[in-house]
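# Secondary and tertiary structure notes
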Amino acid sequence: MGEFEGDGEEKLIVAANYLVKELRSGKSLTRNAKNVLQNLLSELSRVASSEDREDEEDDIGEIEQRLNVVSEKIMTRDVDESMIWDLGSDEGNAFLDAVNELRALIDRLDASSGLGKTGTEEQSLRKAHDVLQTAMARLEDEFKHLLVENRLPFELEHASFRSNEADLAVEEGSVASFGAASTEDLNLGSSNGRRNSAEMVVDLINPDVISDLKNIANTMVASGYDRECIQVCTVVRKDSLDEFLYNHEVEKLSIEDVLKMDWSTLNTNIKKWVRVMRNIVQVYLLSEKSLDNHIFGDVNEIGLTCFVDTVKAPMMQLLNFGEAVSLGPRQPEKLLRILEMYELASELLPEIDALFSDHPGSIVRAEYREVMRRLGDCARTTFLEFKSAIAADVSSHPFPGGAVHPLTNYVMNYLMALTDFSQTLDSLLMEQDDAEDLTIPPSPDVLNPVMVEEESTYESSSSPEKFLVMTRHFYSITSVLEANLQEKSKLYRDVSLRHIFLLNNIHYMTRKVLKSELRHIFGDKWNRKHTWKFQQQATEYERATWLPVLSFLKDEGAGSGSSSGSGSGSRNLRPRERFQGFNTAFEEVYKTQTAWLISDERLREDVRTKASMWVIQAYWTFYSRHKNSVSERYIKYTTDDLETLLLDLFAGSPKSLNNSYRR
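Keep in mind that this is a model prediction, so the values were computed, not measured.

### Things to note about the overall build of the protein
Each helix and strand counted, the protein has 21 helices and zero strands in total. In the protein, the share of contacts with a sequence separation of at least 24, taken over all contacts with a separation of at least 6, comes to 81%. Carbon together with sulfur atoms contributes 49% to the accessible area of the protein, which is approximately 33500 Å² in total.

Here is the structure:
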């Protein structure tokens, strides 16, 4: 039998080879030959199709067998409530292998039976998709579990930020009420809080599970469940960022909430904002983006989407606060804080652009730039309105004792604090540097001479070329302040007290400039000019106070040198009457001027010393000439007595000698 089959196959091969040879020869075929060949072709096709079907049925059988095995592995895990990756990465990877094999089997089933699937094949395919869906749900849970259980806390660095100590000693209210503001120096921290620009990435998730998260993500994305994977990651990571903000008392505030805040509360919230914003941008966002890149590294666009979806809402929360601050009233006490916010926003801008450089982050990037612009506009407008507020500060009563006025204290300390933001402020002012900004608002003509004088000083000053726009504005502000002080001095009826008031305030302005960074802003010429000004006020005080008193000690015919009524009738007095007149005049000055205040110790000693030189020399000369001709009961004081009494002047504590003082 075998010989017969073998012999028949050989004859078939010989016949087939003969047919091929004849067909290649190009001979014409009869119709009968063509029909025979057509029947032969059909028969060959039937035989081949039958054999392919048998092979395919064998493949489908193998697929269904593997599908049953894989499905059992997956469904067995689904019934088990324990988390797979808690048992270790090996167990997790085994589960992923089963899922990946399931997906491959589905692809093979989809590609099989090109002429149509049988009912059994359709059923197997539906079963496979059901198991895959179950597996994806389980992977979502496992992914979330790993993210939640392996979170690492993120804490603010205990670095020195500008805002940590920047507690401005000003009370709530406008500059128009300088008298109610604190006269303490503005205490602005010297540290500018800038960190090294080197990138700082911290672990937000336990590094040991990053590879597991990456493997799960890859499997879910490959299975078409990328949206579900992103959603799980976004929800968990956003919760972490929200928790961080909550723990650091960064509240979710509406613009209306911020606008209703009193200054103390707003000030506190701005300090939090500055500290948190710096850390979030320079550390947290960088670390979050790095984490997402590690998890979704093979599908980078998904990583970017996950990053933006995670941080967008918290970032918008922070930016909304910045916008609300920029919309608030332009009050001077807010300027330093607003400049701090703007300066920080400018500093962080390159990092924001890098973090949100791709299309998914364009909304955050655009909103950040808009808020920064608004903060800059707010800072510039607040500064420009500050000068107007100084000019508008009107007093109805003289400041007690001729001391340094709160307005002077506030303005000079304010300018000192602003030097910490010189570059930022100069840049902002440069954008709106026109003549209107450097002229005083409509006001009494009496203010104009000071303005003209100060502008002249600026034009010829030797101030440095850095920060020219800001320097010009500072000159303008001090000239407005000085003009205002001139008006306030006219509230004093006592001419001597007017000079003491101007002496105190101009000296204070000069001292603040010389002992701070302001000396580099105003330059040597301004300093020399204002030193001369307060010295001139001291001289005018001496003449107004002591010439009338000492006119009693001039001998008849010597002339008093004063137009004061106190000495106009002293030329015809006898020596004893001159002593009596001097005693009365001196005691009146003592009673009045012990209540006056020169708070600067060195200045107070200088004024006392010069007064002593005037009084002691004149009194000693007159006393030496007339001591033998006048009874001792008229010579009430010795030169030592007078020198001691003059030390009581300008201490801010009124004293009276009456007639009880005796040697």
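There is more to say after this.
### Concerning the pattern of salt bridges
Inspection of every chain in the model, using the stated rule, returns 22 salt bridges. The residue Asp377 makes a salt bridge to Arg373 at a minimum N-O spacing of 2.8 Å. Of this pair, Asp377 and Arg373 are both found in helix α11 (residues 362-391), four residues apart, which corresponds to roughly one turn of the helix. A salt bridge links Arg608 to Glu605; its shortest N-O distance comes to 3.0 Å. Separated by three residues within a single helix, Arg608 and Glu605 lie in helix α20 (residues 601-626), roughly one turn from each other.

### Describing the nonpolar core
In this structure, Phe143, Ile280, Leu418, Phe474, Trp546 and Phe582 are the most contacted members of the largest nonpolar core, which totals 168 residues. Element by element, the count of residues in this core is highest for helix α8 (residues 263-295), at 15 residues. Ignoring sequence-local partners within four residues, the contact set of Leu418 consists of Leu335, Leu336, Leu339, Phe383, Leu425 and Phe474.

### Topic: the packing of aromatic side chains
One pass over the structure, following the stated rule, counts 21 aromatic pairs. Seen from their ring centres, Phe386 and Tyr410 are 6.5 Å apart, and the 40° between their planes marks the pair as tilted. Placement of the pair is Phe386 in helix α11 and Tyr410 in helix α12 (residues 406-418), with a sequence separation of 24 residues. Three or more aromatic residues joined by ring pairs make a cluster, and in this case those are Trp546, Phe579, Phe582, Phe586, Tyr619, Trp620, Phe622, Tyr623 and Tyr637.

### Concerning helix α5 (residues 210-222)
When the terminal C-alpha atoms of α5 are compared, their 18 Å separation across 13 residues agrees well with the 18 Å that a helix rising 1.5 Å per residue should span. For α5, the set of buried residues is Ile210, Asp212, Leu213, Ile216, Ala217, Thr219, Met220 and Val221. Count one or two residues on from α5 and you reach Gly224, which has phi positive near 85°.

### A look at the packing of α20 against helix α21 (residues 639-646)
It is at 10 Å that the axes of α20 and α21 come closest, and there the two elements cross at 160°. As far as their axial angle goes, α21 and α20 are roughly antiparallel. Judged by the twist between their axes, the crossing of α20 over α21 is right-handed. When α20 is examined against α21, the residues Arg608, Ala611, Ser612, Val615, Ile616, Tyr619 and Trp620 are found in contact with a partner set consisting of Thr639, Leu642, Glu643 and Leu646.

### A look at empty space enclosed by the protein
Counted by the stated rule, this structure contains three cavities of 30 Å³ or more. Computed from the structure, the largest cavity encloses a volume of approximately 110 Å³. The residue makeup of the lining of the largest cavity, split by class, is five nonpolar, two polar and three charged.

### What about the state of the cysteines?
Summed over the entire model, instances satisfying the criterion amount to zero disulfides. For Cys229, which is in no disulfide, the shortest distance to another cysteine sulfur is to Cys233 and amounts to 6.8 Å. Its relative accessible area of 0% is what places Cys229 among the buried residues. The closest cysteine sulfur to the non-disulfide-bonded Cys306 is located on Cys233, 3.3 Å from its own sulfur. Relative accessible area serves as the criterion here: at 0%, Cys306 is assigned to the buried category.

### Side note on helix α19 (residues 575-593)
Taking 1.5 Å per residue, 19 residues should reach 27 Å; α19 reaches 26 Å between its end C-alpha atoms and fits that length. Turning to α19, its buried residues number three or more, namely Arg578, Phe579, Gly581, Phe582, Asn583, Ala585, Phe586, Glu587, Val589, Tyr590 and Gln593. In this fold, the buried residues of α19 make contact with α16 (495-514), α17 (518-550), α20 and α21.

### So, the environment of Leu304
Relative to the helices and strands, Leu304 resides in helix α9 (residues 300-327). Remark: the alpha-carbon pair of Leu304 and Leu355, spanning 51 residues in sequence, is separated by 9.5 Å.

### Observations regarding unusual backbone geometry
Positive phi outside glycine occurs at Glu249, with the angle close to 60°. Locating Glu249 in the fold gives a position in the loop between α6 (226-247) and α7 (255-259). One non-glycine residue, Phe650, lies in positive phi territory at about 65°.

### Here we look at the confidence of the model for the protein
Mean pLDDT over the protein works out to 82, with 79% of the residues at or above the 70 mark. Mean pLDDT across the secondary structure elements of the protein bottoms out at helix α18 (residues 565-568), with 48, and peaks at α16, with 97. Low confidence marks residues 179-185, where pLDDT is under 50. Its contacts with residues over four positions away, or in another chain, come to 16 contacts. Low pLDDT (under 50) marks residues 459-463, which in the prediction has ten contacts with non-local residues, meaning those over four places away or in another chain.

### Examining the environment of His129
Looking at the element boundaries, His129 is found in helix α4 (residues 119-149). Overall, the relative accessible area of 38% leaves His129 in the partly exposed class. Put simply, His129 and Ile106 are 23 residues apart on the chain and 7.5 Å apart in space, counted from C-alpha to C-alpha.

### Observations concerning the packing of α12 against α16
At a closest axis distance of 10 Å, the pairing of α12 and α16 adopts a crossing angle of 15°. Comparing the axis directions of α12 and α16 gives the class roughly parallel. Here α12 and α16 pass one another in a crossing that is right-handed. Side by side, α12 and α16 meet where Thr408, Asn409, Met412, Asn413 and Met416 of the first sit next to Asn505, Tyr508, Met509, Lys512 and Val513 of the second.

### So, the side chain of His507
Mapped onto the elements of the fold, His507 is located in helix α16. Residues contacting His507, with those up to four places away along its chain left out, are Leu502, Phe534, Asp600 and Leu603.

### Section: the environment of His507
Its relative accessible area of 11% is what places His507 among the buried residues. Remark: the alpha-carbon pair of His507 and Leu603, spanning 96 residues in sequence, is separated by 8.3 Å.

About the thresholds
- Residues numbered from 1 in each chain as written.
- Predicted model: local features only at pLDDT ≥ 70, side-chain atom pairs only at ≥ 80, totals over all residues.
- Heavy atoms only, no water.
- Helix = DSSP H or I, 4+ residues; strand = E, 2+ residues; numbered from the N terminus.
- Contact = heavy atoms within 4.5 Å.
- Areas by Shrake-Rupley, 256 points an atom, 1.4 Å probe, with all protein chains shown as cover.
- Salt bridge = Lys/Arg side-chain N within 4 Å of Asp/Glu carboxyl O.
- Core = buried A, V, L, I, M, F, W, Y, C linked by side-chain atoms within 4.5 Å.
- Buried < 20%, exposed > 50% of the residue type's maximum accessible area, 1.4 Å probe, protein only.
- Phe/Tyr/Trp six-rings, centres within 6.5 Å; stacked < 30°, edge-to-face > 60°.
- Expected span 1.5 Å × (residues − 1).
- Axes fitted to C-alpha atoms, helices over the stretch in contact; angles between N-to-C directions.
- Parallel < 35°, antiparallel > 145°, perpendicular 65-115°, else oblique.
- Left-handed = near helix turned anticlockwise from the far one by under 90°.
- 1 Å grid on protein atoms, 1.4 Å probe; cavity = no way out; pocket = protein on both sides within 12 Å on 5 of 7 lines; lining within 4 Å.
- Points joined across faces, edges and corners; volume = space filled by probe spheres on them.
- Nonpolar A, V, L, I, M, F, W, Y, C, P; charged D, E, K, R; others polar.
- Disulfide = S-S within 2.5 Å.
- pLDDT = per-residue confidence, 0-100.

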